[in-house]
Amino acid sequence: MKKTMSAVIARRDRRVAGPGRSSWILFAALAMVLALAPMVLNQFNIGLLAKFLCYSMVAIGLGLLWGRGGVLSLGQGVFFGLGGYIMAMHMQLADASANGGSGVPEFMSLYGNGHVPGWWLPFRSGVVTLIAIPVVPMLVAWALGAAVFKRRVKGAYFSILSQALVAAFALLLIGAQTSTGGSNGLSDFTGFFGYVLNDPVNQRSLYCLVLIVVLVMLLATGLLMYSRFGEVLLAVRDTEERVRFLGYDPASIKTAAFVYAALLASIGGALFVPVAGIISPSDIGVTPSIIFLLGVALGGRSTFLGPVLGSLIVSIAQNSLSSAFPSFWSYLEGALFIVVIALLPGGVATLVPSIRRWRRRVSGAPGARGGSRASQTDAVPEASAGELVSR
């Protein structure tokens, strides 16, 4: 009895301590495959993979926010767009000032009065731009989270609110054609902090930068997921009232997770601009925000590597199938989301462990009934999320 209890407690503590050995092996394998990809892919596919990795940055933040915190955000495109447009404004101004230029982006001369708006001017500085990319989306997320979570708005109500926010943001960008390019967005970039974007060497270097950022985000999110904050966030998801009774503020905890997810999304949007060469309302609207969510659900929202794997799978499938079957892909997206939620709620990342458990249960079925009494007597229930916090 005592030995069985010790084994169960040790297994529980290992689970809480961090990802298992298989997760780290898969992380190393994924990092190696992505690092070696430029050696076998052509220049076009390297750019595509870099763009997909930018999408996966949004998925990593959603994995913590939705998987651990239970906060379903349908508006991460807002923060992806804020980071992207801040970077795009700086690149437009830098290109317009290069080689003795007028300093006014070309589209402002075509659609506007030929003058740069005052709120664009700070982004002539690269330092201001690099500071604004994380700070502005984090401030927006903090203001929204503090206003919403303090009023105990959650569940479907928060999801609808976040979706309405991203829809309004896209409409705002479309309406401000003279300052944001309207539905065409901002494009035709030639340089990125002094480097020529068309140079194949610089494009490979940009891919390496994106890959390094993704791996750092994965490590940081994994450590955060299995830290004390991750335990409290998990407890807020499962037993919010009990966490409040223990003296924690669930609203502040969810706001912190929301701000962190916004930070990752904004960095992904900022790197997306030099990689893709364009940012427009179609990249940040309601549909892209739902596709971000689909990748997280497919991969496994509460797992270490699931959001990244699911995001890459969805991005690759969308790129290949939408071009071959443009009218069929939207239906496939919806069907895939329904199938994953209904049949595999843990995502693809939990498929192999589920198969192993099923095989053990089937193979051990004849003898399981005979030894079931002892196993039931010695079993110690695993700690709930609330018990993890109260320890």
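Just so we're clear, the structure is a prediction, and the values are computed from it rather than from any experiment.

## Section: the packing of aromatic side chains
Each aromatic ring pair is characterised by the separation of its centres together with the angle its planes make. Scanning the entire structure with this criterion turns up 15 aromatic pairs. Between Tyr55 and Phe80 the ring centres are 6.1 Å apart and the planes differ by 40 degrees, which places this aromatic pair in the tilted class. With Tyr55 in helix H3 (residues 43-68) and Phe80 in helix H4 (residues 77-97), this residue pair connects regions lying 25 residues apart in the sequence. Neither residue differs from the other here; Tyr55 and Phe80 are each classed as buried. Of the aromatic side chains, those joined through ring pairs into one cluster are Tyr55, Phe80, Phe272 and Phe292. Lying over the aromatic face of Tyr226, Arg68 brings its terminal NZ or CZ to 4.9 Å of the ring centre.

## Section: the environment of Phe107
Structurally, Phe107 can be placed in helix H5 (residues 106-111). Accessibility expressed as a relative area gives 10% for Phe107, which makes it buried. Ignoring anything within four residues of it in the chain, the contact list for Phe107 reads Gln92, Gly112, Trp120, Gln177, Thr178, Ser179, Thr180, Gly181 and Leu186.

## Structural notes on helix H13 (residues 286-299)
With 14 residues, H13 should reach 20 Å at 1.5 Å per residue; the first-to-last C-alpha distance of 21 Å fits that figure. Counting buried positions over the 14 residues of H13 gives eleven, a clear majority of the element. Looking only at H13, the buried set comprises Pro288, Ser289, Ile291, Phe292, Leu293, Leu294, Gly295, Val296, Ala297, Leu298 and Gly299. Contacts from the buried residues of H13 go to H3, H4, helix H7 (156-175), helix H14 (306-324) and helix H15 (329-343). Just downstream of H13, Gly300 is the residue with a positive phi angle, here 125 degrees.

## A short note on the side chain of Gln92
Relative to the helices and strands, Gln92 resides in helix H4. Sequence-distant contacts of Gln92, defined by excluding residues within four places in its chain, comprise Pro105, Phe107, Trp120, Leu186, Ser187 and Phe189.

## Here's the deal with the packing of H3 against helix H10 (residues 228-238)
Contact geometry for H3 and H10: axes closest at 8 Å, N-to-C directions at 50 degrees. With respect to their mutual orientation, H3 and H10 come out oblique. Residues Leu64, Gly67 and Arg68 of H3 form the contact with H10, whose own contacting residues are Gly230, Leu233, Leu234 and Arg237. A breakdown of the residues in the contact of H3 with H10 according to their chemical character gives three nonpolar, two polar and two charged.

Rules used in this analysis
- Residues numbered from 1 in each chain as written.
- Predicted model: local features only at pLDDT ≥ 70, side-chain atom pairs only at ≥ 80, totals over all residues.
- Heavy atoms only, no water.
- Phe/Tyr/Trp six-rings, centres within 6.5 Å; stacked < 30°, edge-to-face > 60°.
- Helix = DSSP H or I, 4+ residues; strand = E, 2+ residues; numbered from the N terminus.
- Buried < 20%, exposed > 50% of the residue type's maximum accessible area, 1.4 Å probe, protein only.
- Lys NZ or Arg CZ within 6 Å of the ring centre and 35° of its normal.
- Contact = heavy atoms within 4.5 Å.
- Expected span 1.5 Å × (residues − 1).
- Axes fitted to C-alpha atoms, helices over the stretch in contact; angles between N-to-C directions.
- Parallel < 35°, antiparallel > 145°, perpendicular 65-115°, else oblique.
- Nonpolar A, V, L, I, M, F, W, Y, C, P; charged D, E, K, R; others polar.

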